[in-house]
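Survey of secondary and tertiary structure
Each chain is listed here by its residues.
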Amino acid sequence: MKLLEDKIKEYGIVKSDRVLDVSAFLNKQVDAKLMEQLGKDFANHYKDYDFDVFVTVESSGIAPAVFASLYANKPLVIIKKEDVLKDDEVYAQQPSYSFTKNHDYFLTVQKEFVENKKVVLIDDFLAQGSVAINVHKMLESVNAPLVSIGICISKNFQDGYKRLRSKGFDLYLQSEIKHLDPQTKTIVFEETI
Ligand code: G4P
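Residues numbered from 1 in each chain as written. Predicted model: local features only at pLDDT ≥ 70, side-chain atom pairs only at ≥ 80, totals over all residues. Heavy atoms only, no water.

**Quick look at the environment of Lys155**
Just so we agree on the cut-off: Helix numbers and strand numbers start at the N terminus; a helix is a DSSP run of H or I with at least 4 residues, a strand a run of E with at least 2. Note on contacts: a residue pair qualifies if any of its non-hydrogen atoms lie within 4.5 Å across the two residues. Definition of a polar contact: a pair of N or O atoms within 3.5 Å, with one able to donate and the other able to accept a hydrogen when the atoms are protein atoms, and with sequence-neighbouring residues admitted only if both atoms are side-chain atoms.
With respect to the helices and strands, the residue Lys155 is situated in strand β8 (residues 146–155). Here the alpha-carbon distance between Lys155 and Glu190, two residues 35 residues apart in the chain, equals 9.7 Å. If we ignore the near neighbours within four places in the chain, the residues touching Lys155 are Arg18, Phe125, Leu126, Ala127 and Ile177. Here Arg18 takes part through its backbone oxygen, which lies 2.7 Å from a polar atom of the side chain of Lys155.

And the structure:
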């Protein structure tokens, strides 16, 4: 998506060969107009998909996902990250580990909002793919098929991209980064046809 690539080129900061700082428009300061366009683009991409609900994992995916929900006219369910186990009558939970942030947590969702529903996951970054894979496991436990995964920024050079492709997930990537060069501060995007 050209608008997002342009924003990343203008405001993204290469922190290392793996980390792209997008605090100026996505993580810390939020560019609402851009979020609206990202959401609209997701809604448009998924218009012919058969699904019931969007889910996202707190927190940075919420902004584009709210607009996707608005424009697609589908509910949005937020998956929380909890430190403790909760009542399993009410909640589905899945242990997960963040490589980027180096900590363990439980993905947590209220069962009634996803049980037996067809789900599209929206997230801001694809890095190691652990969020997507663990969301998939959690949804399986409540008989909720994960129909597709929509990502704003995919760092294709990290493991997640290959892991999700090899597992056969349907993916929609709004921007695809091939390489980050911390020396020259260059962001190289995949060439799109
Ligand atoms: P994975 O799902 O792909 O395996 O990623 P991992 O668990 O390793 O880390 C996910 C968290 O790291 C997400 O934030 C994601 O936004 C963030 N992240 C991954 N790569 C980058 C990057 O290059 N730049 C920035 N700024 N963030 C990155 P989170 O823990 O879900 O927190 P939140 O920011 O959504 O609240």
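Additional details are given in the paragraphs that follow.
**Structural notes on the packing of aromatic side chains**
The cut-off we apply is this: Two rings from Phe, Tyr or Trp (for Trp, the six-membered ring) form a pair when their centres are within 6.5 Å of each other. A pair whose planes differ by under 30 degrees is stacked, one over 60 is edge-to-face, and the rest are tilted. Partly exposed residues are those whose accessible area sits between 20% and 50% of the maximum for their type, while under 20% is buried and over 50% is exposed, using a 1.4 Å probe and protein chains only. Whether a charge sits over a ring depends on NZ of Lys or CZ of Arg being within 6 Å of the ring centre and within 35 degrees of the ring normal.
In the structure shown here, the tally under the stated rule is seven aromatic pairs. With centroids separated by 5.9 Å and ring planes inclined at 85°, the aromatic side chains of Phe42 and Tyr172 adopt a geometry described as edge-to-face. Residue Phe42 is found in helix α3 (residues 32–45), and its partner Tyr172 is found in strand β9 (residues 171–181); the two are separated by 130 residues along the sequence. Relative accessible area serves as the criterion here: at 0%, Phe42 is assigned to the buried category. Summarising the aromatic geometry, the rings of Tyr46 and Tyr172 are spaced 6.4 Å apart at their centres and angled 85° between planes, so their arrangement reads as edge-to-face. With Tyr46 in the loop between α3 and β3 (53–57) and Tyr172 in strand β9, the pair connects residues that are 126 residues apart, well separated along the chain. Across this residue pair, the class does not change: Tyr46 and Tyr172 are buried. In textbook terms, an aromatic cluster arises when at least three aromatic residues are bridged by ring pairs, as seen for Phe42, Tyr46, Tyr49, Phe51, Phe54 and Tyr172. A cation over a ring is seen here: Lys74 above Phe51, with NZ or CZ 4.8 Å from the ring centre. Here Lys81 stacks its cationic end above the ring of Tyr105, 5.6 Å away from the centre of that ring.

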